[in-house]
Amino acid sequence: MHIVMVIDDSPTDLLVAERALEGSYRVMTEQNGRHALDYMKKVSRLPSLVLLDIDMKAINGFELFSKMKADTKLKEIPVIFVSGSSDVATELEAYQLGAVDYVEKPFVSEILKKKVDLHIGIAEDKVKIAEQNQTLQDYNLQLQEYNNELQGKASEALSKVGNLEYFIVGMIADLITKKDGFTGSHCKKVSRYMEILLKKMMRDGSARYPVTDLNLILMSSQLIDMGKIGLPDSIIQKEGKYTPDEFDAMKQHTLYAADSIQKFSYLLPNSPFITYMYQMTRSHHEQWCGRGYPDGLRGAEIPQLARIVAVCDVYDALVSKRSYKQTVTHEQACAILNQAAGIQFDPNVIAAFNTVQGEFKELYVSAGGGAT
Ligand SMILES: [Fe+2]
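Notes on the structure in this doc start here.

**Digging into the overall build of the chain**
- When helices and strands are tallied, the chain shows 13 helices and five strands.
- Computed over C-alpha atoms, the radius of gyration of the chain comes to 43 Å, more than 25% over the 21 Å expected from 2.2 N^0.38 for 372 residues, which places it beyond the range of a compact globule.
- Across its three principal axes, the chain shows a C-alpha extent of roughly 125 × 40 × 35 Å.
- A burial count over the chain gives 30% of its 372 residues as buried.

**Quick word on the nonpolar core**
- The biggest cluster of nonpolar side chains holds 47 residues, and the ones touching the most others in it are Leu 197, Ile 308, Val 309 and Val 311.
- Counting only elements with at least two residues in this core, the list comes to α5 (109–179), α6 (181–203), α7 (214–221), α9 (244–264), α10 (272–283), α11 (304–319), α12 (330–339) and α13 (347–366).
- A per-element tally of this core places α11 first, with nine residues.
- When residues no more than four places from it in sequence are discounted, the contact partners of Val 309 are Val 190, Met 194, Ser 221, Ile 224, Met 280 and His 284.
- Counting 27 residues, the second largest nonpolar core, distinct from the first, contains Val 50, Ile 80, Val 82 and Ala 94.

**Here we look at unusual backbone geometry**
- The omega angle of the peptide bond from Lys 105 to Pro 106 is 0 degrees, so this bond is cis rather than trans.
- On the secondary structure map, Pro 106 appears in the loop between β5 (101–104) and α5.
- The omega torsion across Tyr 293 and Pro 294 is 10 degrees, close enough to zero to call that bond cis.
- Within the secondary structure, Pro 294 sits in the loop between α10 and α11.
- Its identity is not glycine, yet Asn 270 carries a phi of approximately 60 degrees, on the positive side.

**Section: the packing of α6 against α7**
- Where α6 meets α7, the axes come as close as 8 Å, and the angle between the chain directions of the two elements is 145 degrees. α6 and α7 meet at a crossing whose hand is right-handed. Here α6 contributes Val 190, Ser 191, Met 194, Glu 195 and Leu 198 to the contact with α7, which in turn contributes Ile 217, Leu 218 and Ser 221.
- Grouping the constituent residues of the contact of α6 with α7 by class yields five nonpolar, two polar and one charged.

**Side note on the pairing of strand β4 (residues 79–83)**
- By the criterion of burial, β4 is predominantly enclosed, with four of the five residues buried.
- Relative to β4, strand β3 (residues 49–53) runs parallel, the two being bridged by four bridges. From the neighbouring strand, Leu 51 faces β4, where its bridge partner is Ile 80.
- Handedness of the β-α-β unit built from β3, helix α3 (residues 61–70) and β4 comes out right-handed.

**As for the sheet that holds strand β1 (residues 3–7)**
- Sheet architecture is open: five strands sit in the order β2-β1-β3-β4-β5, paired in parallel fashion. Across the chains shown, the open sheet's two edge strands, defined by having one partner strand only, are β2 (26–30) and β5. Taking each pair of neighbouring strands and ignoring which way they run, the sheet shows an average axis angle of 20 degrees.
- With five bridges joining them, β1 and β2 adopt parallel strand pairing. Note on β2: the bridge partner recorded for Ile 7 is Glu 30.

**Topic: α6**
- With 23 residues, α6 should reach 33 Å at 1.5 Å per residue; the first-to-last C-alpha distance of 34 Å fits that figure.
- Among all positions of α6, only Thr 183, His 186, Cys 187, Lys 189, Val 190, Ser 191, Tyr 193, Met 194, Leu 197, Leu 198 and Met 201 are buried.
- Two residues or fewer after α6 comes Gly 205, characterised by a positive phi angle close to 85 degrees.

**Description of the environment of Ile 261**
- Among the secondary structure elements, Ile 261 is positioned in helix α9.
- Taking the C-beta count within 10 Å as the criterion, Ile 261 has 20 such neighbours and is therefore assigned buried.
- Each C-alpha atom, one on Ile 261 and one on Thr 275, is 9.1 Å from the other, the two residues being 14 residues apart in sequence.
- Sequence-distant contacts of Ile 261, defined by excluding residues within four places in its chain, comprise Ile 274, Met 277, Tyr 278 and Thr 281.

**Some remarks on the environment of Arg 322**
- Tracing the chain through its elements places Arg 322 in the loop between α11 and α12.
- Among the residues examined, Arg 322 registers 14 C-beta atoms within 10 Å and is labelled partly exposed.
- Separated by 82 residues in sequence, Arg 322 and Gly 240 have C-alpha atoms that sit 9.5 Å apart.

**What to know about the packing of α9 against α10**
- Their axes nearest at 8 Å, the elements α9 and α10 cross at an angle of 160 degrees. In terms of orientation, α9 and α10 fall into the roughly antiparallel class. As α9 runs across α10, the sense of the crossing is left-handed. Counting all contacts with α9, which are made through Thr 254, Ala 257, Ala 258, Ile 261 and Gln 262, the residues of α10 involved are Ile 274, Met 277, Tyr 278, Thr 281 and Arg 282.
- When grouped by side-chain class, the residues that make up the contact of α9 with α10 number six nonpolar, three polar and one charged.

Rules used throughout
- Residues numbered from 1 in each chain as written.
- Predicted model: local features only at pLDDT ≥ 70, side-chain atom pairs only at ≥ 80, totals over all residues.
- Helix = DSSP H or I, 4+ residues; strand = E, 2+ residues; numbered from the N terminus.
- Rg over C-alpha atoms; globule rule 2.2 N^0.38 Å.
- Buried ≥ 20, exposed ≤ 12 C-beta atoms within 10 Å, placed from the backbone.
- Core = buried A, V, L, I, M, F, W, Y, C linked by C-beta atoms within 7 Å.
- Contact = placed C-beta atoms within 7 Å.
- Axes fitted to C-alpha atoms, helices over the stretch in contact; angles between N-to-C directions.
- Left-handed = near helix turned anticlockwise from the far one by under 90°.
- Nonpolar A, V, L, I, M, F, W, Y, C, P; charged D, E, K, R; others polar.
- Pairing = 2+ DSSP bridges.
- Right-handed = clockwise from strand over helix to strand, strands pointing away.
- Expected span 1.5 Å × (residues − 1).
- Parallel < 35°, antiparallel > 145°, perpendicular 65-115°, else oblique.

Any functional reading would require information that these geometric values do not contain.
Here it is in structure tokens:
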């Protein structure tokens, strides 16, 4: 049951108020305002509402109200002022100070009870809303903690996946280098040229891949020639021009890689890493005109990443030194690539290459010119 405290120095008014409210509330009455204030400061269970007379001898109702408002423990208790004065200015002052209501004396019991019921109801609603807000805040806090935990686990998982992919790429790239030092070095440089060209195409919107996949693509591009591990040394290490049979054998490196990837791709279904790796290893020797290998794809049939990496692959092959061939300068390589735009290469990729060829040159020079 709610406690209603009535503070009034008139015993008669106290009695009237008590009778009006006693059936529904636990009514506490106090004639002395100072005693009432001291009492409320001490007790643990506060009144839910105070009826406070304005004109009292020991302490004026407004002064007592100000002291309640200055006290952190008491300031939230709703107060209805009561007064024998019908002066509008007094009533206005009561509201301005922060009273929830104003009741004139002599009391009309029914009206007094209705007003107390109303403000106790409002106070109950406030408590409920505050509790709901608190519950909501607690829930949000828990949700935030849960989200943080999930993000932590996701980052940990992603980092493990990332590490696994780097491990696989690093291991295969190392095996390629052991098999053929030139090819190993070439693949790493292709990946660095790929970074320049692909970033340019992603910036201008001509290549659309999730930014978060960029590293996966670049890692995969290191493996374009991994199928060469399956070729005989006589083919890989041959210096000079291939015979037609040898060339046919060499072409198999695209299919060897694609076959190995496909064989185990069921272990990582829907993996972008696998998709990117498959597209680039299988199709990096396809030609825009349809005369490439292994599938003779034409134009946009060739996966875009394969079209992009093809330009990087040929650029590095042109400018890199081999004992059996002459190198060409950066400028000559640019000219050769441009002549092949729309024939061997995707013209859009060559257009993008032309805007970043300066960066290719910087990388080529910083890597020691044509040195492998
Ligand atoms: Fe290749």
